[in-house]
Amino acid sequence: MPATTIDCKGLTVANGDCVRILSITPDPDLDEDELDLFMNMIGSSCEVERIDADGAAWVVVWWSCSDGSVTTQVGLYPHQMEKVAS
């Protein structure tokens, strides 16, 4: 599994780095509520949890809702994220 990937500007991204979500590719089978959660991730800054074998950086977004906290996880490819200076 690669230890790093790159962002939309060619900057190296590693586990623990903070990235801004520029776009996502939602699963076409998501219901309307789930799709809304994913689309609301755009513009968020998140810490990279892991980088998979395809070079996607996986991030987790936490949401507060009436039932408590909910997490949403998404894999981002270089054109979908921008590294945020720490």
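Here, every reference points to the structure presented above.
Conventions we followed
Residues numbered from 1 in each chain as written. Predicted model: local features only at pLDDT ≥ 70, side-chain atom pairs only at ≥ 80, totals over all residues. Heavy atoms only, no water. Helix = DSSP H or I, 4+ residues; strand = E, 2+ residues; numbered from the N terminus. Polar contact = N/O pair within 3.5 Å; in protein donor to acceptor, adjacent residues only side chain to side chain. Core = buried A, V, L, I, M, F, W, Y, C linked by side-chain atoms within 4.5 Å. Buried < 20%, exposed > 50% of the residue type's maximum accessible area, 1.4 Å probe, protein only. Contact = heavy atoms within 4.5 Å. Salt bridge = Lys/Arg side-chain N within 4 Å of Asp/Glu carboxyl O.

Caption draft 1: Up close: the environment of Asp7. Considering the arrangement of structural elements, one finds Asp7 in the loop between strand E1 (4–6) and strand E2 (12–14). Taking the C-alpha atoms as reference points, Asp7 and Lys83, 76 residues apart in sequence, are found 6.2 Å from one another. At 2.8 Å, the side chain of Asp7 and the backbone nitrogen of Leu11 are in polar contact.

Caption draft 2: Seen up close, the nonpolar core. Of all hydrophobic cores here, the largest spans 15 residues; its most connected members are Val19, Ile21, Val48, Val59, Val74 and Leu76. Sequence-distant contacts of Val74, that is, excluding residues within four places in its chain, are made with Ile24, Phe38, Met41, Ala57, Trp58 and Val59.

Caption draft 3: Region of the structure containing the pattern of salt bridges. Across all of its chains, the model carries 3 salt bridges by this definition. Here Glu82 ties to Lys9 by a salt bridge, and the two come within 2.7 Å at their closest N and O atoms. Separated by 73 residues along the polypeptide, Glu82 in strand E7 (residues 81–83) and Lys9 in the loop between E1 and E2 bring together distant segments of the chain. Judged by its relative accessible area of 17%, Glu82 is buried. Asp17 is paired through a salt bridge with Lys83; the nearest N and O atoms lie 3.5 Å apart. With Asp17 in the loop between E2 and strand E3 (18–21) and Lys83 in strand E7, the pair connects residues that are 66 residues apart, well separated along the chain. Within the structure, one salt-bridge network assembled from shared partners comprises Lys9, Arg20 and Glu82.

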